[in-house]
Amino acid sequence: MSAPAISGGTSLFTGFTRLCKGLAVVLVAGHIVVQTLPFTVNYLALIPARTIPFAWNLITAGYIEQTIYGVVANTLCLLVMGKLLEPVWGSKEFLKFIFIVNILTSVCVFITAITLYYITTKETYLYMPVSGFQGVVSGFLVGMKQIIPDQELSVLRIKAKWFPSIMLLLSIAASFFTEESAKYLPTLVFGTYTSWIYLRYLQRKPETKLRGDPSDDFTFSSFFPDFLRPVIDPIASIFHRLLCGRTQASGEAEGYTLGGTALPGSDPIEASRRRERGARALEERLAAEKLAAARSMEELKKDAPEDNV
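Computed from a predicted model, the values in this text were never measured in an experiment. (Residues numbered from 1 in each chain as written. Predicted model: local features only at pLDDT ≥ 70, side-chain atom pairs only at ≥ 80, totals over all residues. Heavy atoms only, no water.)

K.L.:
Mind showing me how you'd approach the overall build of the chain here?
P.N.:
Within the chain, the regular secondary structure consists of 11 helices and 7 strands. Of all 309 residues assigned to the chain, the portion counted as buried reaches 42%. (Helix = DSSP H or I, 4+ residues; strand = E, 2+ residues; numbered from the N terminus. Buried < 20%, exposed > 50% of the residue type's maximum accessible area, 1.4 Å probe, protein only.)

Okay, structure coming up:
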């Protein structure tokens, strides 16, 4: 049975959750602030040279959009993807995911900028203001890859599991042609990777008290085409042992495995159930939106003859 496509049209832009609407207001308000008071960029955006005294910009940078294109694109992505992810994760976990991915992405961008400065001695890396919600948006794509991997975007017929990879490929290609896109690339890369780390190893499931997603469909190599996976898997396993070497021993004692290697507190059956819940929640939401749209059309048709009379 093939997975239903993520439908377009009016249903895609309706049914937004209250939390997503609130976060959208934050993004728009942040953009208005930096446009009205330009000097606030120095305090709210991530500027590596000033992060030590202004450490809060590791948090605030993700919610500050400096361009109108950024605020429009990221707000739409938040609303559309948020209404698919929040019902599955729950509002608390959804907000937790945003906070963790945002701050980890900022920390990684900060470390990268400092490292590049010491390598190249170019002060541009220290004083370039970096901000925007795109790191979290890339994390949303990873979340969709995990929960509804086989759902298709009705227009392009592309499965959700390839959304993060395609986004990164296009971003890397664009960075060779425009300097502006190069500024967003580190945020997109680290947003994708840190969100995968969180969902793969750390996300707690209250109903089962387990952590992470050990399924083979959510390995690091699953972001790459099949012919590259024999090359990627050995490299990924090295980093897996470096990052999780201590916890693997306890995982082996508990009997949980991750594609042949141990992963503490995770259950492949639960990962499969989570994907089923995600697909079911998506189908129910889309069905409800289609029903609401049909009812609205019927009401308009009933009202039309009355207006003519």
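K.L.:
Can you help me understand the side chain of T194 in this one?
P.N.:
As for its placement among the helices and strands, T194 is situated in helix α9 (residues 179–202). Here T105 takes part through its side chain, which lies 3.5 Å from a polar atom of the side chain of T194. A polar atom in the side chain of T194 sits 3.5 Å from the backbone oxygen of G191. (Polar contact = N/O pair within 3.5 Å; in protein donor to acceptor, adjacent residues only side chain to side chain.)

K.L.:
Sorry, what's going on with the packing of helix α4 (residues 68–89) against helix α7 (residues 134–147) here?
P.N.:
Packed helix pairs are specified by the crossing angle of their axes together with the interaxial distance, meaning the distance between the axes. Contact geometry for α4 and α7: axes closest at 10 Å, N-to-C directions at 40 degrees. Relative to α7, the element α4 is oriented oblique. The handedness of the crossing between α4 and α7 comes out as left-handed. Contact residues: N74, C77, L78, M81, L84, L85, V88 and W89 in α4; Q134, V137, F140, L141, G143, M144, Q146 and I147 in α7. Here the residues of the contact of α4 with α7 sort into 12 nonpolar, 4 polar and no charged. (Axes fitted to C-alpha atoms, helices over the stretch in contact; angles between N-to-C directions. Parallel < 35°, antiparallel > 145°, perpendicular 65-115°, else oblique. Left-handed = near helix turned anticlockwise from the far one by under 90°. Contact = heavy atoms within 4.5 Å. Nonpolar A, V, L, I, M, F, W, Y, C, P; charged D, E, K, R; others polar.)

K.L.:
Before we go on, may I ask you to explain the packing of aromatic side chains in this structure?
P.N.:
The geometry of two aromatic rings is summed up by the distance between their centres and the angle between their planes. Applying the stated rule across the entire model yields 16 aromatic pairs. Ring centres 6.2 Å apart and planes at 65 degrees place the aromatic pair F133 and F140 in the edge-to-face group. Under the relative-accessibility criterion, F133 is labelled buried at 1%. Grouped by ring-pair contacts, the aromatic residues Y63, W89, F94, F97, F133, F140 and Y198 constitute a single cluster. Over the face of the ring belonging to F223 we find K145, whose NZ or CZ atom lies 4.7 Å from the ring centre. (Phe/Tyr/Trp six-rings, centres within 6.5 Å; stacked < 30°, edge-to-face > 60°. Lys NZ or Arg CZ within 6 Å of the ring centre and 35° of its normal.)

K.L.:
It is not clear to me how the UniProt feature "transmembrane region" (unreviewed entry) in the chain should be interpreted in this structure. Could you clarify?
P.N.:
According to UniProt, the positions carrying the feature "transmembrane region" (unreviewed entry) are residues 23–47, 67–85 and 97–119. For the annotated span residues 97–119, helix accounts for 100% and strand for 0% of the residues, and the straight-line distance between the end C-alpha atoms is 33 Å. (UniProt positions renumbered as here; feature names shortened; annotations may be inferred.)

K.L.:
Please explain the packing of helix α5 (residues 91–120) against α7 as it appears in this structure.
P.N.:
Where α5 contacts α7, the axes come no closer than 9 Å and their chain directions differ by 125 degrees. With respect to α7, the axis of α5 lies oblique. Between α5 and α7 the crossing geometry is right-handed. Across the interface between the two elements, F94, F97, I98, V101 and N102 of α5 pack against G135, V136, G139 and F140 of α7.

K.L.:
Please clarify how a positive patch on the surface should be interpreted in this entry.
P.N.:
Taken together, the side chains of K92, K96, R204 and R211 present a region of like positive charge at the surface. Exposure remark for K96: the relative accessible area of 39% places this residue in the partly exposed category. (Patch = residues over 30% accessible without salt bridge, like charges linked within 9 Å, V, L, I, M, F, W, Y side chains within 5 Å. Areas by Shrake-Rupley, 256 points an atom, 1.4 Å probe, with all protein chains shown as cover. Salt bridge = Lys/Arg side-chain N within 4 Å of Asp/Glu carboxyl O. Lys, Arg positive; Asp, Glu negative; His and termini not counted. Charge placed at Lys NZ, Arg CZ, Asp CG, Glu CD.)

K.L.:
Any chance you could explain helix α8 (residues 163–175) here in plain terms?
P.N.:
The periodicity of an α-helix, 3.6 residues per turn, causes residues three or four positions apart to be oriented the same way. Between the first and last C-alpha of α8 there are 18 Å, a value that for 13 residues agrees with the 18 Å anticipated at 1.5 Å per step. Turning to α8, its buried residues number three or more, namely F163, P164, S165, M167, L168, S171 and S175. (Expected span 1.5 Å × (residues − 1).)

K.L.:
Help me out: how do you make sense of the pattern of salt bridges in this one?
P.N.:
Any two side chains of opposite charge can pair, so long as their charged atoms come close to each other. What the rule picks out here adds up to 3 salt bridges. In this structure, the salt-bridge partner of K159 is D150, at a minimum N-O distance of 4.0 Å. For D150, a relative accessible area of 37% gives the class partly exposed.

K.L.:
Please explain the environment of P186 as it appears in this structure.
P.N.:
Position of P186 among the secondary structure elements: in helix α9. The spatial distance from the C-alpha of P186 to the C-alpha of V109 is 6.4 Å, given a sequence separation of 77 residues.

K.L.:
Help me understand the nonpolar core in this model?
P.N.:
Note on soluble globular proteins: their nonpolar side chains tend to be buried together. Counting residues in hydrophobic clusters, the biggest one holds 39 residues, and the most contacted among them are L78, W89, F94, I98, F133 and F140. Listed by contribution, the elements that provide at least two residues to this core are α1 (18–36), α4, α5, α7, α8 and α9. With 8 residues, the top contributor of residues to this core is α4. Every residue in contact with L78, bar those within four places of it in the chain, is listed here: C20, L23, A24, L27, K83, F94, F133 and F140. Counting residues in each nonpolar core, the second largest holds 6 residues, with L58, A61, F110 and V130 among its members. (Core = buried A, V, L, I, M, F, W, Y, C linked by side-chain atoms within 4.5 Å.)

K.L.:
How should I be thinking about the confidence of the model for the chain in this particular structure?
P.N.:
Detail in the predicted coordinates should be disregarded across regions flagged by low pLDDT. For the chain, the average pLDDT comes to 81, and 72% of its residues sit at 70 or higher. Low pLDDT, under 50, characterises residues 246–266; the predicted model gives this stretch 42 contacts beyond four residues in sequence or across chains. (pLDDT = per-residue confidence, 0-100.)

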